[in-house]
Amino acid sequence: MTDEQRMQLVFALRQSGVRDTRVLEAMEKIDRGAFVKGLFADRAYEDMPLPIACGQTISQPSVVGLMTQALKVEPRHKVLEIGTGSGYQAAILSLLARRVYTVDRHKRLVAEAQEVFHRLGLVNITAFPADGTRGLEDQAPFDRIMITAAAEDPPAPLLAELKTGGIMVLPVGQSDAVQALIKVTRTETGFEYEELRQVRFVPLVEGMGPE
């Protein structure tokens, strides 16, 4: 990433409402170009979603920034991400949290993301193929959970794995209609919901992806 590309990225992030300095610094450090391959590699620094393998997408940087900012990750936090995809979001979270667990239903995506994490020296990410709708009971509870695919409602197994005081950020809504990015906070008595903005994500699908 050149200095000019870095400046353009930060400008786009600020324009979209990303103000958190730790998030901006993490996104400056993580080169999105490392996660975009093939035909779209030369568009890695544009603020737009791009196709990746297995029919998935890498989200546009401004949406990644806003979701990360809403999650309010602190240095001691343990974070779960559902939907590894290219690995770009997990890489950014890894600079903000103590530990990041990320799962995806597509084994190929997990393997490719692990290669990039290794190349970038990101040692606090654990990535593996799994059905994300079931959560990750072995490592629960989590301080923060991010879901990067749209569910009709926040999945109950994942809500159950959120610590009291914890935050989950995810898109909700039908895959063929407008979706809303929401922030869920677990309180002593239940859950509080806040709608952040409209978004468009691939749907959250149960089970493992085809080989």
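As a convention, each chain's residues are numbered from 1 in the sequence order in which they are written. Per-residue local features of the predicted model are confined to residues with pLDDT of at least 70, and side-chain atom pairs are confined, for both listing and counting, to 80 or more; whole-chain, interface and lining totals are unaffected and use all residues. Excluding hydrogens and water, the side-chain figures rest on all heavy atoms present in the structure.

### Section: the packing of aromatic side chains
Turning to step 1, where the next piece is worked out: Note on aromatic pairs: the rings of Phe, Tyr and Trp (six-membered ring only in Trp) are paired at centre separations within 6.5 Å, and the planes decide the class, stacked below 30 degrees, edge-to-face beyond 60, tilted for the rest. Across all of its chains, the model carries two aromatic pairs by this definition.
Turning to step 2, where the next piece is worked out: Measuring from centroid to centroid gives 6.2 Å for Tyr101 and Phe142, while their planes differ by 70°, and the two rings are edge-to-face. Placement of the pair is Tyr101 in strand S4 (residues 99–104) and Phe142 in strand S6 (residues 142–147), with a sequence separation of 41 residues. Both residues of the pair, Tyr101 and Phe142, belong to the buried class.
Turning to step 3, where the next piece is worked out: A positively charged side chain is recorded as over a ring if its NZ (Lys) or CZ (Arg) lies within 6 Å of the ring centre. The angle to the ring normal must also be within 35 degrees. Note that Arg99 overlies the ring of Tyr101, its terminal NZ or CZ placed 5.9 Å from the centroid. Strands here are runs of E lasting at least two residues and helices are runs of H or I lasting at least four, both read from the DSSP assignment and numbered beginning at the N terminus. For each residue, the accessible area found with a 1.4 Å probe, counting protein chains only, is set against the maximum for its type, and the residue is called buried under 20%, exposed over 50%, and partly exposed in between.

### Considerations on the pairing of strand S7 (residues 162–172)
Turning to step 1, where the next piece is worked out: S7 sits mainly inside the fold: eight of its 11 residues count as buried.
Turning to step 2, where the next piece is worked out: Two strands are said to pair when DSSP picks up at least two bridges between them. Direction of pairing for S6 relative to S7: parallel, over a ladder of four bridges. Bridge pairing in S7 places Phe142 opposite Leu162.
Turning to step 3, where the next piece is worked out: Taken together, the six bridges between S7 and strand S8 (residues 179–186) define a ladder with antiparallel strand orientation. Counterpart to Val169 in the pairing with S8 is Lys183.

### A few points about unusual backbone geometry
Turning to step 1, where the next piece is worked out: Following Ala140, the chain continues into Pro141 via a peptide bond in cis, with omega recorded as 5°.
Turning to step 2, where the next piece is worked out: The topology assignment puts Pro141 in the loop between strand S5 (125–129) and S6.
Turning to step 3, where the next piece is worked out: At Lys72, a residue that is not glycine, the phi angle is positive and equals roughly 50°.
Turning to step 4, where the next piece is worked out: Position of Lys72 relative to the elements: it lies in the loop between helix H3 (61–71) and strand S3 (78–82).

### Overview of the packing of helix H1 (residues 3–16) against H3
Turning to step 1, where the next piece is worked out: Contact pair H1 / H3: the axes reach a minimum separation of 9 Å and the direction vectors enclose 55°. As summarised for this structure, H1 and H3 are arranged oblique, according to the angle between their axes. You can see that H1 and H3 cross each other, and the crossing is right-handed. Contacts between H1 and H3 involve Leu9, Leu13 and Ser16 from the first element and Pro61, Ser62, Gly65 and Leu66 from the second.
Turning to step 2, where the next piece is worked out: Gly is put with the polar residues, along with every residue not named as nonpolar or charged; the nonpolar set is Ala, Val, Leu, Ile, Met, Phe, Trp, Tyr, Cys and Pro, and the charged set is Asp, Glu, Lys and Arg. In terms of residue class, the contact of H1 with H3 is built from four nonpolar, three polar and no charged. Axes here refer to lines fitted to C-alpha atoms; in helices the fit is confined to the stretch in contact. Angles between the N-to-C directions go from 0 to 180 degrees. Angle categories: roughly parallel below 35 degrees, roughly antiparallel above 145, roughly perpendicular from 65 to 115, and oblique for all the rest. Definitions for this section: a left-handed crossing has its near helix turned counterclockwise from the far helix by less than a right angle. A right-handed crossing has that turn clockwise. The contact criterion used is simple: two residues touch if any of their non-hydrogen atoms lie within 4.5 Å.

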